[in-house]
Amino acid sequence: MDDDREDGLVARAQEGNLSAYAELVRRYRERIYQTIYHLTRNHDDTDDLAQETFLRAFQGLRRFRRKSGFYTWLYRIAVNLSFNLLNKRKTEMSRQKEVERVSDLKERSLGGPEAASAAGELRERLEAAV
């Protein structure tokens, strides 16, 4: 790929040329898709995150200072968005497991003091996590 040509596309896109930005998207969409899919292993998530990557890049294009390559900048956006999604899911799964444990203890306890104490402790941990 010719870096001068890419630099010219970026410059024109920064000036508002939508065709230039469309060409940048065309050039990098497959690489961005593969990068995101490697992290998420889910095509639906990858589709959404790739679209969000190019949308965020377009919205921030005027702030791109060209100190790195355009693909490098896109890559960081894609990876950050992917990590944000994965971390959000991990947190949601942890909360769900805590809720399930509290529910399970409630079902098993039916009035036992030790189980009630454990359920109260888990409830406090759950509330602190939320």
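Residues numbered from 1 in each chain as written. Predicted model: local features only at pLDDT ≥ 70, side-chain atom pairs only at ≥ 80, totals over all residues. Heavy atoms only, no water.

Participant: Please explain the overall build of the protein as it appears in this structure.
Facilitator: Within the protein, the secondary structure is distributed over five helices and zero strands. Its helices and strands taken in sequence order, the protein reads α-α-α-α-α from the N to the C terminus. Here the protein, with 130 residues, has 35% of them falling under the buried criterion. Considering only contacts within the protein whose residues lie at least 6 apart along the sequence, 57% involve residues at least 24 apart. Per element, the accessible surface of the protein, about 8,900 Å² overall, is 47% carbon and sulfur. (Helix = DSSP H or I, 4+ residues; strand = E, 2+ residues; numbered from the N terminus. Buried < 20%, exposed > 50% of the residue type's maximum accessible area, 1.4 Å probe, protein only. Contact = heavy atoms within 4.5 Å. Areas by Shrake-Rupley, 256 points an atom, 1.4 Å probe, with all protein chains shown as cover.)

Participant: Teacher, can you tell me more about the side chain of T46 here?
Facilitator: With respect to the helices, strands and loops of the structure, T46 is situated in helix α3 (residues 43-59). Judged by its relative accessible area of 0%, T46 falls in the buried class. Among all residues touching T46, those that are not within four sequence positions of it are Y33, I36, Y37 and T40.

Participant: Can you walk me through the pattern of salt bridges in this structure?
Facilitator: Enumeration over the complete set of coordinates arrives at five salt bridges. Between R26 and E23 there is a salt bridge whose closest N-O contact spans 2.5 Å. Here R26 and its partner E23 are both found in helix α2 (residues 18-40), three residues apart, which amounts to about one turn of the helix. By relative accessible area, which is 45% here, R26 ends up partly exposed. With a relative accessible area of 19%, E23 lands in the buried category. D45 serves as the salt-bridge partner of R89, at 2.6 Å between the closest nitrogen and oxygen. Residue R89 is located in helix α4 (residues 70-109), and its partner D45 is located in helix α3; the two are separated by 44 residues in the primary sequence. In this structure R89 comes out as partly exposed when scored by relative accessible area, which is 36%. Assessed through its relative accessible area of 12%, D45 is described here as buried. Overlapping salt bridges, with partners in common, bring together E23, R26 and R27 in one network. (Salt bridge = Lys/Arg side-chain N within 4 Å of Asp/Glu carboxyl O.)

Participant: Which parts of the structure should I look at to understand the side chain of S82?
Facilitator: Along the chain, S82 turns up in helix α4. Accessibility expressed as a relative area gives 0% for S82, which makes it buried. Dropping the residues within four chain positions of it, S82 is found in contact with I36, L39, T40 and L49.

Scope: geometric values only; no functional claims are made or implied.
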